[in-house]
Amino acid sequence: MLRIGVLFTLAVTPAFGAGNAPFFASANGLDTVSPLAQGHEARTPPESKNDIEARGEILTLEHAIALALEKNRQVQNAVLDVAKSNDQVESGKTQLLPQFQLAVTPSYRLSPIDLTFQQGVFGTYPAPVGPVPSQKTTLTTDRGYTTAIEASVVQPLSQLYKTELSIEQLGVGTDMSRQDLRNQRQTIVNNVKQAYFAVLQSQSSLTALQEQVTSSREIVRVVTEQSGEQTALRPTLLQAQASLAQSEYNVSATRHTLASQKEQLNYLLGRDPETPF
């Protein structure tokens, strides 16, 4: 209750003070117009970009590393290379096993086939056999479907040694892919840490520069009052204004640098560069 009472006094007392007391309350060195001066038409100010970004997730270093190892594109490509190498090894091992082949060939006769054998074409033998065939004979095939089935088992015995050498070579390639994946993960973790701490450094610098802007504005306000009272020279006021302009420029440049660093960190995490955090 004491804290609420103090804040109420700061906001209301200047409004009802005597004399030429200013109709505003001062907070953190910035002149803020009191709601009482705006009457009943006071409106809620629109949200700034900083307010929107403030609603983003709180990204810890551990969470950032976990996201990068899971969704980073370079890491995912390395994982796919390892899986591809393993599949090649398993495919090579199948060459050591017997190969079973089954071929089924269906066919359909468009016209019948007639085979005619004359009497005794295969010879004439003593009785009681006689000529073969004993008379003119014609064999006719019927129209319809016929199917030829062929099955075989193949075992490349002479190529087993060569196949084993090929499998060993593929195994070495798999080990190399795994080492590449390990190296890629370490590189990504290192890059994420550097980008993360760079963002923290820029945020700290931005906070310090914003405080410097607040201080410079207060100095300009004081020097402006002294200049109006002819207790401060004009060059002093110009120097204070130049210092304020330089501070505001530094804040703008640091904000742009911070935005670029956040986009780079989001890229390393494998997500939309505009994702707030």
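First, a word on scope: everything that follows refers to the structure included in this document. Small disclaimer: the values here were computed from a predicted structure and weren't measured.

### Side note on the overall build of the chain
Point 1. Assigned secondary structure in the chain consists of seven helices and eight strands.
Point 2. Counting all 277 residues of the chain, 20% fall into the buried class.
Point 3. Long-range contacts, defined as pairs at least 24 residues apart, comprise 69% of the intrachain contacts of the chain with a sequence gap of at least 6.
Point 4. Of the roughly 20500 Å² of accessible surface on the chain, 56% is carried by carbon and sulfur atoms.

### So, the nonpolar core
Point 1. Core analysis: the largest hydrophobic core is formed by 29 residues, its most contacted members being L59, A64, V192, Y196, L265 and L269.
Point 2. Secondary structure elements with two or more residues in this core: α4 (61-71), α5 (73-93), α6 (160-228) and α7 (234-268).
Point 3. In terms of residue count, the dominant contributor to this core is α6 (11 residues).
Point 4. Ignoring any residue separated from it by four or fewer positions in sequence, one finds L269 in contact with L59, A64, L67, A68, K71, N72 and V192.

### Side note on the packing of α4 against α6
Point 1. At a closest axis distance of 10 Å, the pairing of α4 and α6 adopts a crossing angle of 140°. Accordingly, the angle class assigned to the pair α4 and α6 is oblique. Of the two elements, α4 crosses α6, and the hand of that crossing is right-handed. Of α6, the residues touching α4 (which contributes L61, A64, I65, A68 and L69) are R185, I188, V189, V192, K193, Y196 and F197.
Point 2. Residues that form the contact of α4 with α6 fall into these classes: 10 nonpolar, no polar and two charged.

### Notes on the packing of aromatic side chains
Point 1. The full count for this structure, using the stated rule, is two aromatic pairs.
Point 2. With a centroid separation of 5.5 Å and an interplanar angle of 40°, the aromatic rings of F117 and F122 are classed as tilted.
Point 3. Measuring from centroid to centroid gives 6.0 Å for Y196 and F197, while their planes differ by 85°, and the two rings are edge-to-face.
Point 4. Residue classification places Y196 among the buried positions, given a relative accessible area of 13%.
Point 5. Above the plane of the ring of F277 lies K262, whose end atom (NZ or CZ) is 5.3 Å from the centre.

### Here we look at a nonpolar patch on the surface
Point 1. Residues L102, V104 and I149 make up a contiguous nonpolar surface patch of roughly 340 Å² in combined accessible area.
Point 2. One can find V104 in strand β3 (residues 99-108).

### Some details on unusual backbone geometry
Point 1. At the junction of A127 and P128, the peptide bond is cis and its omega measures out at 10° in the coordinates.
Point 2. By the element assignment, P128 lies in the loop between β5 (124-125) and β6 (130-131).
Point 3. In this structure, the amide linkage connecting V132 to the following residue, P133, adopts the cis form with an omega of -5°.
Point 4. The phi angle at Q230 is positive, at roughly 60°, despite the residue not being glycine.

### Overview of the side chain of T254
Point 1. Relative to the assigned elements, T254 resides in helix α7.
Point 2. Exposure remark for T254: the relative accessible area of 14% places this residue in the buried category.
Point 3. A polar atom in the side chain of T254 sits 2.7 Å from the backbone oxygen of N250.
Point 4. In contact with T254, not counting residues within four places along its chain, are S202, S205, L206 and L209.

### What to know about the environment of S216
Point 1. Mapped onto the fold, S216 is located in helix α6.
Point 2. Spatially, the C-alpha atoms of S216 and S247 are 7.6 Å apart, while their sequence positions differ by 31 residues.

### Re the packing of α6 against α7
Pairs of packed helices are described in terms of their axes, by the angle between the two and the distance that separates them.
Point 1. Packing of α6 against α7 brings their axes to within 8 Å, and their N-to-C directions diverge by 160°. Judged by the inter-axis angle, α6 sits roughly antiparallel to α7. Crossing angle aside, the handedness with which α6 passes α7 is left-handed.

### Examining the environment of T207
Point 1. Relative to the helices and strands, T207 is located in helix α6.
Point 2. A relative accessible area of 44% means that T207 is categorised as partly exposed.
Point 3. In sequence terms T207 and V251 are 44 residues apart; their C-alpha atoms lie 8.8 Å from each other.

Thresholds, definitions, all that
Residues numbered from 1 in each chain as written. Predicted model: local features only at pLDDT ≥ 70, side-chain atom pairs only at ≥ 80, totals over all residues. Heavy atoms only, no water. Helix = DSSP H or I, 4+ residues; strand = E, 2+ residues; numbered from the N terminus. Buried < 20%, exposed > 50% of the residue type's maximum accessible area, 1.4 Å probe, protein only. Contact = heavy atoms within 4.5 Å. Areas by Shrake-Rupley, 256 points an atom, 1.4 Å probe, with all protein chains shown as cover. Core = buried A, V, L, I, M, F, W, Y, C linked by side-chain atoms within 4.5 Å. Axes fitted to C-alpha atoms, helices over the stretch in contact; angles between N-to-C directions. Parallel < 35°, antiparallel > 145°, perpendicular 65-115°, else oblique. Left-handed = near helix turned anticlockwise from the far one by under 90°. Nonpolar A, V, L, I, M, F, W, Y, C, P; charged D, E, K, R; others polar. Phe/Tyr/Trp six-rings, centres within 6.5 Å; stacked < 30°, edge-to-face > 60°. Lys NZ or Arg CZ within 6 Å of the ring centre and 35° of its normal. Patch = residues over 30% accessible without salt bridge, like charges linked within 9 Å, V, L, I, M, F, W, Y side chains within 5 Å. Salt bridge = Lys/Arg side-chain N within 4 Å of Asp/Glu carboxyl O. Polar contact = N/O pair within 3.5 Å; in protein donor to acceptor, adjacent residues only side chain to side chain.

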